[in-house]
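Residue-level listing of the chains:
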Amino acid sequence: MNERILAEPNQVVRRFFALDTQTYQPGALDLKTKELLGLVASLVLRCDDCISYHVAQCREAGVKRDEMFEAFSVGLVVGGSIVIPHMRRAVDFLDRLEQGEAGAPGAHEHG
C-alpha cells in the first residue's frame, strides 16, 4: 500500500513518509531505543496496527521479551488502564511472533 500511496504526486505525503523513515535511522539513539519509544507511543495512542508493527520491529532490532515488558509498563503508566486491551493484543502478537505463528505487519516502512 505504501508504494501505491507514494506513487501519487503529493509532496506532503512523500515528505512525511521520508521523515518517518529518517526518524528511525540510528543516531544519538540507536534503532532499538527508537523502536521501543515508538512502541510506547503507539500503546499510549492506542493504535493496534502501530503497536504490532513496533513489536515486530523491536524483535528485529534485538529487543528481548523482558525489555518489551518494561516498555509495556511505561506505556501503561503513561496511558492508564485504557491501554490494557491494547497491551493484551500486543502480548498476544508477541507470543505468536515468538512461536512463528505471525508474520511481521507492513503498516509502516522505516527502512
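Residues numbered from 1 in each chain as written. Predicted model: local features only at pLDDT ≥ 70, side-chain atom pairs only at ≥ 80, totals over all residues. Heavy atoms only, no water.

Going by what an unreviewed UniProt entry lists, the chain is known as Carboxymuconolactone decarboxylase family protein and is assigned to Lysobacter zhanggongensis.

J.: Would you explain a nonpolar patch on the surface in this entry?
T.: Residues Met-1, Ile-5 and Leu-6 make up a contiguous nonpolar surface patch of roughly 270 Å² in combined accessible area. Here Leu-6 is to be found in helix H1 (residues 2-6). Accessibility expressed as a relative area gives 32% for Leu-6, which makes it partly exposed. (Patch = residues over 30% accessible without salt bridge, like charges linked within 9 Å, V, L, I, M, F, W, Y side chains within 5 Å. Areas by Shrake-Rupley, 256 points an atom, 1.4 Å probe, with all protein chains shown as cover. Salt bridge = Lys/Arg side-chain N within 4 Å of Asp/Glu carboxyl O. Helix = DSSP H or I, 4+ residues; strand = E, 2+ residues; numbered from the N terminus. Buried < 20%, exposed > 50% of the residue type's maximum accessible area, 1.4 Å probe, protein only.)

J.: Is there a simple way to explain the packing of aromatic side chains in this structure?
T.: Where two aromatic rings form a pair, the distance of their centres and the angle of their planes describe that pair. Overall, the coordinates contain one aromatic pair when judged by the stated rule. Taking the centre distance of 5.1 Å and the plane angle of 75° together, the rings of Phe-69 and Phe-72 count as edge-to-face. With a gap of three residues between them, Phe-69 and Phe-72 both fall in helix H5 (residues 65-79), about one helical turn apart. We classify Phe-69 as partly exposed; its relative accessible area is 34%. Note on Phe-72: relative accessible area 0%, which makes it buried. (Phe/Tyr/Trp six-rings, centres within 6.5 Å; stacked < 30°, edge-to-face > 60°.)

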